[in-house]
Amino acid sequence: MGNSTVLQIVTEARYTAIISNMSPAEATIETLRVGLCDGRVLDIPVSASTRAIDVMVKLSEMVNMNTFLDFRICLFGNEGVGRMLHFDEVICDSVFVKPKTSRTGRSNSFDNMFGLSITTSIVNFYTIAREDSRAPLPHVVLRKVLLLDKESENATNTEEPIHLKLIADQIFFDLYYNIYCFNAIEYANRAGIYCYIVYGRLKSSTIDELKKRFGRKLLSKIGLIVPETIMKQQPTEVWEEKIVQAWSKMTRELDEYGRKCSQEGKPVDLKRFAQFSLINSVKDLDFYGASLYWVRTHKKTLTEIQRPFLEHFWLGIRHDFVMFLEPEKKRPLEKYMYAAITDVTQQPGAVQLTICSFKYTFETTNGFEIVSLINFYRSLHNLNKNNCLLYTSPSPRDS
């Protein structure tokens, strides 16, 4: 996708935002709490007609973000992967829905209707971040949901430091949910980058000096990016040693880079360079920048496909391809270019994708979002009808 296309899309988004923001002022009836991926929570007053795009305009002002096409406010589900609110959705209708009572007398809240809930993990994350178990939880979380080509991404991150920060924070946020399925060593390496970004260079690489500086707070803060299940795999002393090693390594590398830039007379922000290092450490993973949706393969599809196929799996949608991922380790099983996807439609409780002339039907509660996102990415491509299948794994087995 060329820069002109990106500019056109961003311009259209800005125009829409300006028109939306010109609506007459109305009385505030709710306060929307928007969580950022660094643990902060921002309060935004909303009226009966406030839409998601109005909230995005206000958020962009609050965090000094010039463009927000690739960001949305999102609700969260059991896996930390949530439904994004589209720009035209009315906040009070989508977030502050009054519970309905069924004939059985049971409450049918918004969470039950959409299969979403604020989980224990969300509670833990914002409790650790704000060091206050009584602080109210966010209603929604600001997330980058659209990943464009590398050229456009790098240009935006270079021109807008806040974009780079938000993306780095989101990677750490996703680490907390173990979306990347890393082991303890891989987590320790990212924890070293996290420490550099948050605390700066490591002046002493001895654990005793580290304990004097942080006490027990360091591992507590590392709990913002390392899931408890991973943390329990190693004793505290091992985590301290591994984190110090990774932090020290990052400090040496950036010190050297800083000296070279200084000798060449180039200004350098080493913290930003560390944020780019974090992105580089995950950008080649298939599910980096992907929106993941839990789906169930329809019985008709399982009957007609005539090959082993998963009944439950993750549907991953990226800017360059769509993929099917294993349920647990999220290993890619099949990837398809958008040229292979000739049609995508929403059905009651399901979506149907026509890929290389075969119609796949997947049951999901996120049909509208899946269809919208795939069609958005399809519109950014000059479709090439050749080379439909990018990759296929050995025959999968449902787990």
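Within each chain, residue numbers correspond to sequence positions counted from 1 in written order. With pLDDT at 70 or above as the cut-off, local features in this predicted model cover only qualifying residues; side-chain atom pairs require 80 or more to be listed or tallied, and sums for whole chains, interfaces and linings still use all residues. No hydrogens and no water enter the side-chain calculation; it runs on all heavy atoms of the structure.

A look at the overall build of the protein
So, point 1. Strands are runs of DSSP state E lasting at least two residues, helices are runs of H or I lasting at least four, and both sets are numbered from the N terminus onward. Of the regular secondary structure elements, the protein holds 15 helices and 14 strands.
So, point 2. For the protein, the proportion of its 399 residues judged to be buried stands at 49%.
So, point 3. A separation threshold of at least 6 residues defines the contact pool for the protein, and within that pool the share at least 24 residues apart is 64%.
So, point 4. Per element, the accessible surface of the protein, about 20300 Å² overall, is 49% carbon and sulfur. Note on classification: 1.4 Å probe, protein chains only; a residue is buried when its accessible area is under 20% of the maximum for its type, exposed when over 50%, partly exposed between these limits. Between two residues, a contact is recorded if the distance between any of their heavy atoms is within 4.5 Å. Computed with a 1.4 Å probe, the accessible areas rest on the Shrake-Rupley method; for each residue, only the protein chains presented here act as cover.

Examining the pairing of strand β2 (residues 41-46)
So, point 1. Going residue by residue along β2, you find Leu42, Ile44 and Val46 tucked away on one face and Val41, Asp43 and Pro45 left uncovered on the opposite face.
So, point 2. Strands are treated as partners if at least two bridges between them are detected by DSSP. For strand β1 (residues 30-35) and β2, the ladder comprises six bridges, and the chain directions are antiparallel. Bridge pairing links Thr31 to Pro45 in β2.
So, point 3. Linking β1 to β2, which pair antiparallel, is a turn of five residues; within it Gly39 sits at a positive phi near 100°.

Side note on the pairing of strand β9 (residues 321-325)
So, point 1. Most of β9 is tucked away, with five of its five residues classed as buried.
So, point 2. In this antiparallel pair of consecutive strands, strand β8 (residues 312-317) and β9, the connection spans three residues.
So, point 3. Across five bridges, β9 lies against strand β10 (residues 332-337) in antiparallel orientation. Across the sheet, the residue bridging to Leu325 is Pro332, located in β10.

A closer look at helix α7 (residues 161-176)
So, point 1. Here a helix's expected span is defined as the number of its residues, less one, multiplied by 1.5 Å. Under the 1.5 Å per step criterion, the end-to-end length of α7 is 23 Å for 16 residues, consistent within 8% with the ideal 22 Å.
So, point 2. In terms of residue burial, α7 counts as a mostly covered element, since 14 of its 16 residues are buried.
So, point 3. Just downstream of α7 lies Asn178, where phi reads positive at about 55°.

Things to note about helix α15 (residues 367-379)
So, point 1. For α15, built from 13 residues, the straight-helix expectation of 18 Å at 1.5 Å per residue is met to within 8% by its first-to-last C-alpha distance of 18 Å.
So, point 2. Of the positions making up α15, those classed as buried are Gly367, Glu369, Ile370, Val371, Leu373, Ile374, Tyr377 and Arg378.
So, point 3. The inward-facing, buried residues of α15 abut β7 (291-297), β8, β9, β11 (341-347) and β12 (350-355).

Re the nonpolar core
When a protein is soluble and globular, its nonpolar side chains tend to lie buried together.
So, point 1. We define a nonpolar core as any set of buried Ala, Val, Leu, Ile, Met, Phe, Trp, Tyr and Cys residues linked to one another through side-chain atoms lying within 4.5 Å. Membership of the largest hydrophobic core comes to 56 residues, with the highest contact counts inside it found for Ile171, Tyr180, Ile222, Ile225, Val226, Trp239 and Tyr288.
So, point 2. In terms of residue count, the dominant contributor to this core is helix α8 (residues 184-199) (nine residues).
So, point 3. Sequence-distant contacts of Ile225, defined by excluding residues within four places in its chain, comprise Phe172, Leu175, Tyr176, Tyr187, Arg190, Ala191 and Tyr194.
So, point 4. In terms of nonpolar packing, the next biggest core, distinct from the first, is built from 32 residues, Phe313, Ile341, Val344 and Phe362 among them.

Description of the pattern of salt bridges
So, point 1. Note on definitions: salt bridges are taken to be side-chain nitrogens of Lys or Arg within 4 Å of carboxyl oxygens of Asp or Glu. A complete count under the given rule lists 16 salt bridges for this structure.
So, point 2. With its nearest N and O atoms 2.6 Å apart, the salt bridge here joins Asp169 to Lys165. With Asp169 and Lys165 both in helix α7 and four residues apart, this pair spans about one turn of that helix.
So, point 3. Classification of Lys165 as partly exposed rests on a relative accessible area of 25%.
So, point 4. Residues joined by salt bridges that share partners form a network here, namely Asp38, Arg40, Lys165 and Asp169.

A word on the packing of α8 against helix α12 (residues 236-263)
So, point 1. Put simply, α8 and α12 touch, their axes get as near as 8 Å, and they point 55° apart. Comparing their axes, α12 and α8 come out oblique. In terms of crossing hand, the pair formed by α8 and α12 is right-handed. The residues of α12 that touch α8, namely those facing Ala184, Tyr187, Ala188, Asn189, Ala191, Gly192, Ile193, Cys195, Tyr196 and Tyr199, are Trp239, Lys242, Ile243, Ala246, Trp247, Met250, Thr251 and Leu254.
So, point 2. Here the nonpolar group is Ala, Val, Leu, Ile, Met, Phe, Trp, Tyr, Cys and Pro; Asp, Glu, Lys and Arg are the charged ones; every other residue, Gly included, is treated as polar. Of the residues assigned to the contact of α8 with α12, the class counts are 14 nonpolar, three polar and one charged. For helices, the fitted axis covers only the stretch in contact; all axes are lines through C-alpha atoms, and the angles between them, taken along N-to-C directions, range from 0 to 180 degrees. We call two directions roughly parallel when the angle between them is under 35 degrees, roughly antiparallel when it is over 145, roughly perpendicular when it lies between 65 and 115, and oblique otherwise. Helix crossings get a hand from a simple test, with the near helix turned counterclockwise from the far one by less than a right angle marking a left-handed crossing and a clockwise turn marking a right-handed one.

What about the packing of aromatic side chains?
So, point 1. Pairs were defined over the aromatic rings of Phe, Tyr and Trp, the Trp ring being its six-membered one, requiring ring centres within 6.5 Å. Orientation was assigned from the angle between planes: stacked under 30 degrees, edge-to-face over 60, tilted for the rest. Summed over the entire model, instances satisfying the criterion amount to 21 aromatic pairs.
So, point 2. Considering the side-chain rings of Phe172 and Tyr194, the 5.0 Å spacing of their centres and the 85° angle between planes classify their relative orientation as edge-to-face. Placement of the pair is Phe172 in helix α7 and Tyr194 in helix α8, with a sequence separation of 22 residues. Each of the two residues, Phe172 as well as Tyr194, counts as buried.
So, point 3. Considering the side-chain rings of Phe324 and Tyr360, the 5.7 Å spacing of their centres and the 65° angle between planes classify their relative orientation as edge-to-face. Of this pair, Phe324 sits in strand β9 while Tyr360 sits in strand β13 (residues 358-363); the two residues are 36 residues apart in sequence, bridging distant segments of the chain.

Overview of the sheet that holds strand β3 (residues 71-74)
So, point 1. If you trace the four strands from one edge of the open sheet to the other, you get β2-β1-β6-β3, paired in mixed fashion. Among the strands making up the open sheet, the edge pair consists of β2 and β3. The sheet shows a mean angle of 35° between the axes of neighbouring strands, taken without regard to direction.
So, point 2. Across the face of the sheet, helix α2 (residues 52-62) comes into contact with β1, β2, β3 and β6 (140-144) while running at roughly 135° to β2.
So, point 3. Strand contacts of α7: β3 and β6, with the helix running at about 115° to β6, the strand carrying the most contacts.

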